[in-house]
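Listed below are the residues making up each chain.
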Amino acid sequence: QVQLVESGGGLVQAGGSLRLSCAASGRTFSSYALGWFRQAPGKEREFVTAVTWSGGTTYYAGSVKGRFTISRDNAKNTVYLQMSSLKPADTAVYYCAAKVLRVGWSPFSEYDYWGQGTQGTVAA
């Protein structure tokens, strides 16, 4: 069974940085994509970024491009989300997710596995 465990959330001032981690276990992830989503209070969960485990191709939402960076450590089975130049609008619960790569797959939706989430709060 795939398990995804997020860590690294917290409180930061606007303009600051946070680094989230997602430890993945239960599979060999070479044919998976790992992604980050977020859900702000009163809003729907939205795509933030994703990376293909094997090739390292990355995808970003327009709202975070240039500020957030996704990376992975294959040896540690861990995906990271480095968030910089944070804004109060980035305040949300951040979720790690994994999906099997299938023909015609999209990085933006329909993930198979989810973590429990970690809170990131940006104070004005």
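Please read all numbers here as calculations on a predicted model, not as lab measurements.

Participant: Looking at this model, I keep getting lost on the nonpolar core. Mind explaining?
Facilitator: In a soluble, globular protein the nonpolar side chains are often hidden away together inside. Ranked by size, the top nonpolar core spans 34 residues in total, and within it L4, L34, W36 and Y94 carry the most contacts. Elements that contribute at least two residues to this core include exactly β3 (18-25), β4 (32-39), β5 (46-52), β7 (68-73), β8 (78-83) and β9 (92-100). Of all the elements, β9 adds the most residues to this core, at five residues. Contacts of L34, omitting those with residues within four sequence positions, involve L4, F29, A50, V51, W53, I70, V79, C96, A97, A98 and Y111.

Participant: Which parts of the structure should I look at to understand the side chain of S21?
Facilitator: With respect to the secondary-structure elements, S21 resides in strand β3. With relative accessibility at 17%, the residue S21 sits in the buried group. Beyond its immediate chain neighbours, meaning those up to four positions away, S21 contacts V5, E6, S7, W36, T78, V79 and Y80.

Participant: Explain the packing of aromatic side chains here, please?
Facilitator: Aromatic rings in a pair are described by how distant their centres are and how their planes are angled relative to each other. The tally for this structure, following the rule as stated, stands at nine aromatic pairs. Between F37 and F47, the aromatic rings sit 5.7 Å apart at their centres with planes inclined by 80 degrees, giving edge-to-face as the arrangement. Pair noted here: F37 is in strand β4 and F47 is in strand β5, with a separation of 10 residues, a long-range link. Of the two residues, F37 and F47, neither departs from the other in class, the shared state being buried. Arranged with centres 4.8 Å apart and planes meeting at 85 degrees, the rings of F47 and F108 form a pair that is edge-to-face.

Participant: Quick question: what am I supposed to make of the pattern of salt bridges here?
Facilitator: Any two side chains of opposite charge can pair, given that their charged atoms come close. Scanning all chains against the criterion turns up four salt bridges. The salt bridge involving D112 is made with R102; its shortest N-O contact spans 3.5 Å. One end of the pair, D112, is in the loop between β9 and β10 (113-114); the other, R102, is in the loop between β9 and β10, with 10 residues separating them in the sequence. One connected set of salt bridges, linked through shared partners, spans R38, E46, R67 and D90.

Participant: Even after reading the chapter, I still don't get the sheet that holds β8, so can you show me in this structure?
Facilitator: Pairing between sheet strands relies on hydrogen bonds along the backbone, with the strands arranged either parallel or antiparallel. Pairing within the open sheet is antiparallel, and its four strands lie in the order β1-β3-β8-β7. The sheet is open, and its two edges are formed by β1 (3-7) and β7, each paired on a single side. Between one strand axis and the next, the sheet turns through 15 degrees on average, direction left out of account. Sheet analysis places β7 next to β8, joined by six bridges and oriented antiparallel. Its bridge partner being in β8, I70 is matched across the sheet by L81.

How each quantity is defined
Residues numbered from 1 in each chain as written. Predicted model: local features only at pLDDT ≥ 70, side-chain atom pairs only at ≥ 80, totals over all residues. Heavy atoms only, no water. Core = buried A, V, L, I, M, F, W, Y, C linked by side-chain atoms within 4.5 Å. Buried < 20%, exposed > 50% of the residue type's maximum accessible area, 1.4 Å probe, protein only. Helix = DSSP H or I, 4+ residues; strand = E, 2+ residues; numbered from the N terminus. Contact = heavy atoms within 4.5 Å. Phe/Tyr/Trp six-rings, centres within 6.5 Å; stacked < 30°, edge-to-face > 60°. Salt bridge = Lys/Arg side-chain N within 4 Å of Asp/Glu carboxyl O. Pairing = 2+ DSSP bridges. Axes fitted to C-alpha atoms, helices over the stretch in contact; angles between N-to-C directions.

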